Amino acid sequence: MNPAVIHTAGAIHLFYRAVTKDNYSTIGYCRLSSPVQVESRNTLPLLFPQAAYEFQGLEDPRIVQIEGIFYLTYTAYDGQNALGALATSSDLINWQKAGIIVPKLTYPEFKHFIESESTVKQKYTRFNQYRRNSNKQEGKELLWDKNLVFFPRKIDGKFYFLHRIKPDIQLVGGIENLEDLHIEYWQSYFLNFQNNIALSPKYHHEISYIGGGCPPIETEAGWLLIYHGVHDTAEGYVYSACVALLDLDNPLKEIARLPYPLFSPEEEWELKGEVNNVCFPSGTIVEDDTLYVYYGAADERIAVASLSMSELLNELKLNTF
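Residues numbered from 1 in each chain as written. Predicted model: local features only at pLDDT ≥ 70, side-chain atom pairs only at ≥ 80, totals over all residues. Heavy atoms only, no water.

### Quick notes on the side chain of Thr 88
Put simply, the rule is: Secondary structure elements are taken from DSSP: a helix is a run of H or I of four residues or more, a strand is a run of E of two residues or more, and numbering for both begins at the N terminus. Contacts between residues were defined by any pair of non-hydrogen atoms, one from each residue, lying within 4.5 Å.
In this fold, Thr 88 is placed in strand β7 (residues 82-89). Look past the residues within four positions of Thr 88 in its chain and what remains in contact with it is Ile 69, Phe 70, Tyr 71, Asn 94, Trp 95 and Gln 96.

### Points about the nonpolar core
Put simply, the test is: Here, nonpolar core means buried Ala, Val, Leu, Ile, Met, Phe, Trp, Tyr and Cys residues that are tied together by side-chain atoms lying within 4.5 Å of each other. Per-residue accessibility, obtained with a 1.4 Å probe over protein chains only, is compared with the maximum for each type, and a residue is labelled buried under 20%, exposed over 50%, and partly exposed between these values.
Within the largest apolar cluster, 48 residues are counted, with the highest numbers of intra-cluster contacts made by Phe 15, Ile 63, Trp 95, Phe 110, Phe 150 and Phe 190. With five residues, strand β6 (residues 69-77) is the single largest residue contributor to this core. Residues Ile 217, Phe 263, Cys 279 and Met 309 belong to the second largest nonpolar core, which totals 20 residues.

### A short note on the packing of aromatic side chains
Rule in force here: Stacked, tilted and edge-to-face are the three classes assigned to paired rings of Phe, Tyr and Trp, where Trp is represented by its six-membered ring and a pair needs centres within 6.5 Å; plane angles under 30 degrees give stacked, over 60 edge-to-face, the rest tilted.
Throughout the structure, instances matching the rule amount to 26 aromatic pairs. When the centroid spacing of 5.2 Å and the interplanar angle of 70 degrees are considered together, the rings of Tyr 124 and Phe 193 count as edge-to-face. In this pair, Tyr 124 sits in helix α2 (residues 118-128) while Phe 193 sits in the loop between α3 (183-191) and β12 (197-199), placing the two residues 69 residues apart along the sequence. Judged by relative accessible area, which is 0%, Tyr 124 ranks as buried. On the accessibility criterion, Phe 193 (0% relative accessible area) is buried. Plain terms: the ring middles of Phe 150 and Phe 161 are 5.2 Å apart, the flat faces sit at 40 degrees to each other, and that makes the pair tilted.

### Quick word on the environment of Ala 76
The residue Ala 76 is located in strand β6 in this model. What makes Ala 76 buried here is its relative accessible area of 0%. Distance from Ala 76 to Ile 66, taken between C-alpha atoms, is 22 Å for residues ten residues apart in sequence. In this view, Ala 76 contacts Tyr 53, Glu 54, Gly 57, Asn 81, Ala 82, Leu 83 and Ala 85; residues no more than four positions away in its chain are not counted.

### So, the pairing of strand β8 (residues 96-100)
We apply this condition: Paired strands, as defined in this entry, are two strands with at least two bridges between them according to DSSP.
Of the strand pairs in this sheet, β7 and β8 are connected by four bridges, and their pairing is antiparallel. Looking at the pairing, Ala 87 lines up with Lys 97 of β8.

Note that every value here comes from positions in space, so none of it alone points to a role or purpose.
What follows is the structure, given as structure tokens:
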């Protein structure tokens, strides 16, 4: 489920989350000969748990190429904490893990930094204060920080990426070297947390919470961002694919957003599965004017939807702010 995808060197490469018994996740690989045709598929995982921080799985990969290096981000799960991690490669075969690159904060530490922002504090408390783990493992229970998604190029020579602490999508930008993401950086970041929120839930189909989806796509109109939105129903949460447009020079500036889902669970295999009612977008490719959106369906399958890029951008122009 929930695949990363990239089109390079005449081939389409797909990296997917595969789950074995007891909910242990690894990242598998297959090569596509066309947007909808699998050409070959590895029989063994490409990436698998090797360190304590990812002991129970590598989940939900996304991939971009920046200046000749592939950046594959994923959620590292140790059975208690779920945090954004990074692996890099120059050839898509040999990977070097950089570890967790999002902040490692407990909820009380997070609350301390955002104490002065009462509105922000209130909505973040709902999703993050009362997390409990039945396994009662040793070690700190940390603030979950998932959906780590890099922009596919540097902006003014610096890295930018999205991450998600429920219920919003946040932006990290202006990073010259990823090694600069040290504790002092994060302390300053959270003291100005309100100014780092890129998107918040706005419409009914995303009103519960949102999260990063596919890597942003650069267009003349702005960064096209396909993300997931979640709303609660009597039958549980429903995950939909959603679309917004961000400013090319300042991705914290939202230009437009569709007031309805790009697509939502409709097919039987989207409505029923390991987790019901899920369309979870995580990767795209563009061929001519056709945008292909790859997504996880009900936490059991991988699917792809296609649409006209120009028609989508025209529709966004009708929903600017």
